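What follows is the residue order along each chain.
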Amino acid sequence: HGRYRQTLEPRLYYVHVPFRDQDALPVFDTIQPITSIEQLYRENRFIGIDRIGDTDQVTLGLTSRLLRKQTGETIVTATIGQNRNLSTRSVTLPGVAPLGGNSSDYIAELAVNVWGNWNVDFAQQWNTENSRTSRSEVRLQYQPGRRRVVNLSYRFRRDSVEQGDISWSWPLASRWNLVGRYNYSFRENKPLERFFGIEYESCCWALRVVSRRFIRNRDGTSDSIVSLQLELKGLMSVGDPVNELLERGILGYRSTTD
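Residues numbered from 1 in each chain as written. Predicted model: local features only at pLDDT ≥ 70, side-chain atom pairs only at ≥ 80, totals over all residues. Heavy atoms only, no water.

Chemist: Just to check I follow, could you spell out the overall build of the protein for this structure?
Modeler: Of regular secondary structure, the protein possesses two helices and 13 strands. The dimensions of the protein, computed from C-alpha atoms along their principal axes, are 60 × 60 × 40 Å. Within the protein, the proportion of its 258 residues that are buried is 37%. Put simply, of all contacts in the protein between residues at least 6 apart along the chain, 45% involve residues at least 24 apart. Taken as a whole, the protein presents about 15400 Å² of accessible surface, with 55% of it coming from carbon and sulfur. The protein carries 34 positive and 29 negative side-chain charges, and their two centres are separated by 6 Å. (Helix = DSSP H or I, 4+ residues; strand = E, 2+ residues; numbered from the N terminus. Buried < 20%, exposed > 50% of the residue type's maximum accessible area, 1.4 Å probe, protein only. Contact = heavy atoms within 4.5 Å. Areas by Shrake-Rupley, 256 points an atom, 1.4 Å probe, with all protein chains shown as cover. Lys, Arg positive; Asp, Glu negative; His and termini not counted. Charge placed at Lys NZ, Arg CZ, Asp CG, Glu CD.)

Below, the structure written as structure tokens:
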């Protein structure tokens, strides 16, 4: 159509990292990351510096974008990619068997921004060996303003995770803002984390109060806390870092002092 422009962006990426025996080196904080589009194009298979994964692979990817010609705004972005392994990968984390397989799962991501303040993101990981979904995520976000945002999401990882999540930040008045999050596990049939709070902002200071209940240990033990933060704009903050909790738990949240 005359108002839009569509792109096709193929990508070919080759990486070779030779094998080095690292079994004598300790592992402190290195992990095997969840497969994603970004991970397909990383040089190291691990996150952390305790292991450098031997690699001999080719990554094939394709991205297509739909843009408005007049403004350059991206309306739709669709990406798909896969790794093709050319040799066996021998470097592993302790207690983990060497990785096999000639190729990775297919990874597909779709981002849609068609309805102004509404955004939809979708990610799918497809296992080619057993022809079934390994991971799936979908998120709907409504963000009509700087301090107005509502997120609704669903996450699925086969045999490990199935969760629903809703979070929000919404003004009640010119100086008052309501925040919250409710994260629920469908596998355990119970909430994993929930917090509710309120913020107040004046010209010189801001106050945040949040009540939070969350799973503390792997055995399912829960804990409850009430956090209070007083922030003097441009000077200092006293109390718990509530703003960090809100930024981590509410996608699109911006503190009143930003």
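Chemist: Explanation requested: a nonpolar patch on the surface in the structure shown.
Modeler: Residues Val-114, Trp-115, Trp-118, Leu-140, Leu-152, Ile-166, Tyr-182 and Phe-196 make up a contiguous nonpolar surface patch of roughly 730 Å² in combined accessible area. With respect to the helices and strands, Ile-166 occurs in strand β8 (residues 161-171). Its relative accessible area of 32% is what places Ile-166 among the partly exposed residues. (Patch = residues over 30% accessible without salt bridge, like charges linked within 9 Å, V, L, I, M, F, W, Y side chains within 5 Å. Salt bridge = Lys/Arg side-chain N within 4 Å of Asp/Glu carboxyl O.)

Chemist: Please clarify how helix α2 (residues 242-249) should be interpreted in this entry.
Modeler: Structural remark: α-helix, 3.6 residues per turn; residues separated by three or four positions point the same way. Taken as a whole, α2 has its buried residues at Val-242, Asn-243, Leu-245, Leu-246 and Gly-249. Across the axial projection of α2, the buried residues extend over an arc of 160°, all falling on one side. For α2, the elements touching its buried residues are β8, β9 (176-185), β10 (190-201), β11 (205-215) and β12 (222-232). (Arc of directions from axis to C-beta.)

Chemist: Got a minute to help me understand the side chain of Ser-227 in this structure?
Modeler: Secondary-structure assignment places Ser-227 in strand β12. Excluding residues that lie within four positions of it along the chain, Ser-227 makes contacts with Arg-208, Val-209, Val-210, Asp-240 and Val-242.

Chemist: Which parts of the structure should I look at to understand the side chain of Gln-39?
Modeler: Mapping Gln-39 onto the fold places it in helix α1 (residues 37-40). Side-chain polar atoms of Gln-39 contact the backbone oxygen of Arg-45, separated by 3.4 Å. If near-sequence neighbours (up to four positions away) are discounted, Gln-39 is found in contact with Pro-33, Ile-34, Asn-44 and Arg-45. (Polar contact = N/O pair within 3.5 Å; in protein donor to acceptor, adjacent residues only side chain to side chain.)

Chemist: It is not clear to me how unusual backbone geometry should be interpreted in this structure. Could you clarify?
Modeler: Across the chain, the bulk of peptide bonds are trans and the bulk of non-glycine residues have phi less than zero. Unlike most non-glycine residues, Ser-131 shows phi in positive territory, near 55°. Along the chain, the position of Ser-131 falls in the loop between β5 (118-127) and β6 (132-145). By relative accessible area, Ser-131 is classed as partly exposed at 47%. A positive phi angle, near 70°, is found at Asp-159, a position not held by glycine. As for its position among the elements, Asp-159 is in the loop between β7 (148-157) and β8.

Chemist: Hey, could you run me through the environment of Thr-55 in this one?
Modeler: By the element assignment, Thr-55 lies in strand β2 (residues 55-68). C-alpha of Thr-55 to C-alpha of Asn-85: the two residues are 30 residues apart in sequence and 7.9 Å apart in space. Ignoring sequence-local partners within four residues, the contact set of Thr-55 consists of Val-15, His-16, Val-17, Glu-43 and Arg-45. Polar side-chain contacts of Thr-55 include one of 3.2 Å to the backbone oxygen of Gly-53.

Chemist: How do you make sense of the pattern of salt bridges when you look at a structure like this?
Modeler: Side-chain pairing between opposite charges can occur once the charged atoms of the two side chains come close. This structure, assessed with the given rule, holds twelve salt bridges. Here Arg-181 ties to Glu-193 by a salt bridge, and the two come within 2.8 Å at their closest N and O atoms. Residue Arg-181 is found in strand β9, and its partner Glu-193 is found in strand β10; the two are separated by twelve residues along the sequence. For the pair Arg-181 and Glu-193, a shared accessibility class is recorded, and that class is buried. In this structure, Glu-231 engages Arg-208 in a salt bridge whose closest nitrogen and oxygen atoms are separated by 2.8 Å. Highlighted residues: Glu-231 in strand β12 and Arg-208 in strand β11, separated in sequence by 23 residues. The network of salt bridges with shared partners includes Arg-155, Asp-165, Arg-181, Glu-193 and Arg-212.

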